[in-house]
Amino acid sequence: MPVPQQVKAQLILAQTHLDAGCAEEAFSCFAIAARSGHPVALNMLGRAYERGWGVTRNPSLAACCFEAAVRGGDGWAMFNLADLFFTGEGVPKNHRRAYRLYADAARAGNAKALNMLGLMHEEGTAPEGKPDPEGARQFYLAAAEGGDCWAWLNLGRLSLEDGEWSDAAEAFAKALDAAVDGVPEGVLGLIRPYVQKLVFQTVLSRCLAKYAVSSDKRAFHAA
């Protein structure tokens, strides 16, 4: 569904306020946009309630917004609502509902949803009710091909467990390419027991460099 220009303008303004650290102004813009009933705007209002952007954090209200956006066919709302059912925040924990929503989000083109489907198969929380390592790997591969850095991290982790050092190093390098906060720390935690292996030296250097840049940014914003 195309986003009307007035709604799009409010969402852009909201993001601008968020980036500037003006969360209350951002929430006001999300709320105005959501009055349109457009699923994209409803999803973003849900995110504001979920994350506490300029408003008291309220996962239950977030779930209501996501539900409305899902009825409008928004793929990100499917993913966000699945997260709440997966963790039991704001709604009763329901892994079957979470799985269905992640699957719907994946069909809508959401690579992060494919990664979560992989995690559920790996942990045994998928509807089959038992761990499915091969199924998990296939979902992680699909998510990684779709550009999800966390899927590359999971593939690297599985390769580490199998002793496939070169494959692990390659997967971690691709995860780091995304430059997403938290990825360098995740990679570093996984390779720490193997830092003496030559194959991980480049990955280690990249982790430390990215971690240093991230720390500098946090220090700058704190100042």
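Procedures and definitions
Residues numbered from 1 in each chain as written. Predicted model: local features only at pLDDT ≥ 70, side-chain atom pairs only at ≥ 80, totals over all residues. Heavy atoms only, no water. Helix = DSSP H or I, 4+ residues; strand = E, 2+ residues; numbered from the N terminus. Buried < 20%, exposed > 50% of the residue type's maximum accessible area, 1.4 Å probe, protein only. Contact = heavy atoms within 4.5 Å. Areas by Shrake-Rupley, 256 points an atom, 1.4 Å probe, with all protein chains shown as cover. Lys, Arg positive; Asp, Glu negative; His and termini not counted. Charge placed at Lys NZ, Arg CZ, Asp CG, Glu CD. Salt bridge = Lys/Arg side-chain N within 4 Å of Asp/Glu carboxyl O. Axes fitted to C-alpha atoms, helices over the stretch in contact; angles between N-to-C directions. Parallel < 35°, antiparallel > 145°, perpendicular 65-115°, else oblique. Left-handed = near helix turned anticlockwise from the far one by under 90°. Nonpolar A, V, L, I, M, F, W, Y, C, P; charged D, E, K, R; others polar. pLDDT = per-residue confidence, 0-100. Expected span 1.5 Å × (residues − 1). Core = buried A, V, L, I, M, F, W, Y, C linked by side-chain atoms within 4.5 Å.

As a further point, take the overall build of the chain. Scanning the chain from terminus to terminus reveals 12 helices and zero strands. Scanning the chain from its N terminus toward the C terminus, one meets helices and strands in the order α-α-α-α-α-α-α-α-α-α-α-α. Dimensions of the chain, computed from the C-alpha atoms along their principal axes, are close to 55 × 50 × 30 Å. Relative to its 223 residues, the chain shows a buried fraction of 42%. In the chain, 42% of the contacts between residues at least 6 apart in sequence involve partners at least 24 apart. Put simply, the chain shows about 11600 Å² of open surface, and 55% of that area lies on carbon and sulfur atoms. The distance from the centre of the 22 positive side-chain charges to the centre of the 25 negative ones in the chain is 3 Å.

Right, let's get into the pattern of salt bridges. Per the stated rule, a full pass over the model turns up nine salt bridges. One salt bridge in this structure joins Asp162 and Arg137, with 3.0 Å as the shortest N-O distance. Highlighted residues: Asp162 in the loop between helix H9 (149-161) and helix H10 (165-177) and Arg137 in helix H8 (residues 133-145), separated in sequence by 25 residues. Across the pair Lys174 and Glu170 runs a salt bridge, and its minimum N-O distance is 3.4 Å. Of this pair, Lys174 and Glu170 both sit in helix H10, four residues apart, which is roughly one turn of that helix. A residue is classified by how much of its surface remains accessible, and Lys174, at 33% relative accessible area, is partly exposed. Overall, Glu170 belongs to the partly exposed group, its relative accessible area being 44%. Within this structure, Glu122, Arg157 and Glu161 form a network of salt bridges that share partners.

For the rest of this paragraph, the subject is the side chain of Ser159. With respect to the secondary-structure elements, Ser159 resides in helix H9. Given a relative accessible area of 5%, Ser159 falls into the buried group. Leave out the neighbours within four places in its chain, and Ser159 touches Arg137, Glu164, Asp167 and Ala168.

Attention now goes to the packing of helix H3 (residues 39-51) against helix H4 (residues 59-71). Two elements in contact, H3 and H4, have axes separated by 8 Å at closest approach and are oriented at 165°. Here H3 is positioned roughly antiparallel relative to H4, judged by the angle of their axes. For the pair H3 and H4, the sense of crossing is left-handed. When H3 is examined against H4, the residues Pro39, Leu42, Asn43, Leu45, Gly46, Arg47, Tyr49 and Glu50 are found in contact with a partner set consisting of Pro59, Leu61, Ala62, Cys65, Phe66, Ala68 and Ala69. Residues of the contact of H3 with H4, tallied by class, amount to 11 nonpolar, two polar and two charged.

Mean pLDDT for the chain: 93, with 95% of residues reaching 70 or above. Here residues 218-223 scores under 50 on pLDDT; set against residues more than four positions off or in separate chains, the count is two contacts.

Within the secondary structure layout, Leu45 lies in helix H3. Residue Leu45 is classed as buried on the basis of its relative accessible area, which comes to 10%. Residues within four places of Leu45 in sequence aside, it is in contact with Phe27, Phe30, Ala31, Ala34 and Cys65.

Count 3.6 residues to each turn of an α-helix, and residues three or four apart come out pointing the same way. The terminal C-alpha atoms of H8, which comprises 13 residues, lie 18 Å apart, in line with the 18 Å expected from a rise of 1.5 Å per residue. Taken as a whole, H8 has its buried residues at Gly135, Ala136, Tyr140, Ala143 and Ala144. For H8, the elements touching its buried residues are helix H7 (111-123) and H9. In the stretch just after H8, Gly147 is the one whose phi turns positive, near 100°.

So, about the nonpolar core. Formed by 69 residues in total, the largest nonpolar core has its most connected members in Phe30, Tyr102, Phe172, Val187 and Val203. Top contributing element to this core by residue count: helix H5 (residues 75-87), with eight residues.

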